[in-house]
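This is what each chain is made of:
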Amino acid sequence: MIGGIKMALVKRLLNGGWKNKRSLFLRLIFYFMIRKIIPIMLAVLFITSTVACADKVQLPKTGQTTKYAAGDDGDLRKGAAWRGPRFAVSNDCVTDNLTGLMWSKNGNMPNGTKTWQEALDYVASLNSRGGVCGYTDWRLPNVNELESLVNAEKSDTATWLNTQGFTNAQAGNYWSSSTYASDMDGGALVVGMDDSSVGGIYKSYNYYVWPVRAGQSKSLGNSVIWQTGQTTKYVAGDDGDIRKGTTWPSPRFTDKGNQMVKDNLTGLLWTKDANAPGPSACGTGTKKKWPQALDYVACLNKNNYLGHNDWRLPNRKELFSLVDRSKYKPALPTGHPFINVQQASNYWSSSTNANHTVLAWYVNMVTGYMFSETKSFFLNYVWPVRAGQ
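First, a word on what this report is: a plain description of the structure on this page. This one's a predicted model, so the numbers in the text were calculated from it and none came from an experiment.

Calculation rules
Residues numbered from 1 in each chain as written. Predicted model: local features only at pLDDT ≥ 70, side-chain atom pairs only at ≥ 80, totals over all residues. Heavy atoms only, no water. Pairing = 2+ DSSP bridges. Helix = DSSP H or I, 4+ residues; strand = E, 2+ residues; numbered from the N terminus. Core = buried A, V, L, I, M, F, W, Y, C linked by side-chain atoms within 4.5 Å. Buried < 20%, exposed > 50% of the residue type's maximum accessible area, 1.4 Å probe, protein only. Contact = heavy atoms within 4.5 Å. Disulfide = S-S within 2.5 Å. Salt bridge = Lys/Arg side-chain N within 4 Å of Asp/Glu carboxyl O.

Moving on: the sheet that holds strand S9 (residues 260–263). Remark on secondary structure: sheet strands pair via backbone hydrogen bonds, oriented parallel or antiparallel. Read from one edge to the other, the open sheet built from four strands follows the order S8-S9-S10-S14, with strand pairing classed as antiparallel. Of all strands in the sheet, those bounded by a partner on one side alone are strand S8 (253–255) and strand S14 (385–386).

Okay, here's the thing in structure tokens:
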């Protein structure tokens, strides 16, 4: 269509069809603009709009609805809302209406635990034997997919899942297909369906297996499951081999030049300084107990830090989203623009551990692990976040 318009204009120019004739020189300049400059401008606009819209994910809410303190996860409840019902059962499969992933209804299909390699082999065998629900593209979930099942409001995710249409979900660790970056050959990541933790363990240990497949795509307009960052294949069927999830944009982060950094994957805006920046009155640059971490963010807002008053302590999913599973010490993407990332300790999230409410979740930036510590005792780092545009 554009080509036809251009040719019509060119013919009119060369035939001198304008009411007010211009010089041949001016007509040639205009012809050049139509042939060269305008197509380039259109292409740039198309590419820019595509990059801006592609790949951005909507992080979902953690599920936490109980408020334990002002400004915490249960108070603010940030993230994409869960669809109701959250899960849809179809024969021996369950589709997660939030993520679009399809899981086996039985949370313990092998009827026991397996080593990591045995878990991968089991899923491959499942496909070769006809699969489940007529599908033969089942796989071991990566760590982001497995963590997506966690409901931060519940003290035992497995018990909750068994009320949502699943059967036989086990209150224990489940294998992910993701290898632990600091111990490439010996460790893989697990998610605890009892305590909701994420950590690494030797691949020779025995844990539960829960097959998953792609199911519906883009349930929220954009898939809420993103790639882990792992690109190295260690064995067939692992995370680095399959690389499921939304592709990261390039660049992953943009330094806004105003002491803020935008994550182009999630749209979140983080402080460039990862060690409690801000006015000295807020107690900047120091580790804090969890209640003081919330007070510190409230102080940033009171002082309109960097021109904004909507800073918050990130919830567990927001903090978790920063991690690159191919990296270690820090577990952040290569080339990130942040400064003062504290590699020797943990970063508080705003999410409480529902199993023991005196504990709050943290992410360790050395390993990318997610565990919990006593709110009123342990001193951890603080990294403020706010919603992007």
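What follows is about the nonpolar core. In terms of nonpolar packing, the biggest core is built from 51 residues, with Leu161, Met365 and Trp383 touching the most fellow members. Where this core is concerned, the elements lending two or more residues are helix H5 (143–147), helix H6 (157–161), strand S5 (187–192), helix H9 (316–320) and strand S12 (359–364). Looking at which element gives the most residues to this core, the answer is H6, with three residues. Beyond its immediate chain neighbours, meaning those up to four positions away, Met365 contacts Leu319, Leu322, Lys329, Pro330, Ala331, Leu332, Val341, Gln342, Ser345, Tyr347 and Trp383.

Our focus in this paragraph is the state of the cysteines. According to the stated counting rule, one finds two disulfides in the structure shown. Paired through a disulfide, Cys93 and Cys133 show a sulfur-sulfur distance of 2.1 Å. The S-S bond linking Cys93 to Cys133 shows a torsion near 120°; that makes this disulfide right-handed. With Cys93 in strand S2 (residues 93–96) and Cys133 in the loop between helix H4 (116–128) and H5, this pair connects stretches of sequence that are 40 residues apart. Through a disulfide, Cys282 is tied to Cys299; the S-S separation comes to 2.1 Å. The disulfide joining Cys282 to Cys299 has a torsion of about -80° about its S-S bond and is therefore left-handed. With Cys282 in the loop between strand S10 (269–271) and helix H8 (290–302) and Cys299 in helix H8, the pair connects residues that are 17 residues apart, well separated along the chain. In this pair, the class of Cys282 matches that of Cys299, namely buried.

This part is about the pattern of salt bridges. Scanning the entire structure with this criterion turns up nine salt bridges. When the shortest N-O distance is used, the salt bridge between Asp137 and Arg213 registers 2.7 Å. Here Asp137 is found in the loop between H4 and H5, whereas its partner Arg213 is found in strand S7 (residues 212–213), with 76 residues between them in sequence. Of the charged contacts, one joins Arg316 and Glu147 as a salt bridge, the two residues approaching to 3.0 Å between their closest N and O atoms. Remark: Glu147 occurs in helix H5 and Arg316 occurs in helix H9; sequence separation between them is 169 residues. Here the two residues Arg316 and Glu147 agree in accessibility, since each one is buried. Through salt bridges with shared partners, a single network forms among Glu147, Arg316 and Lys317.

Nothing here speaks to function; it is geometry throughout.
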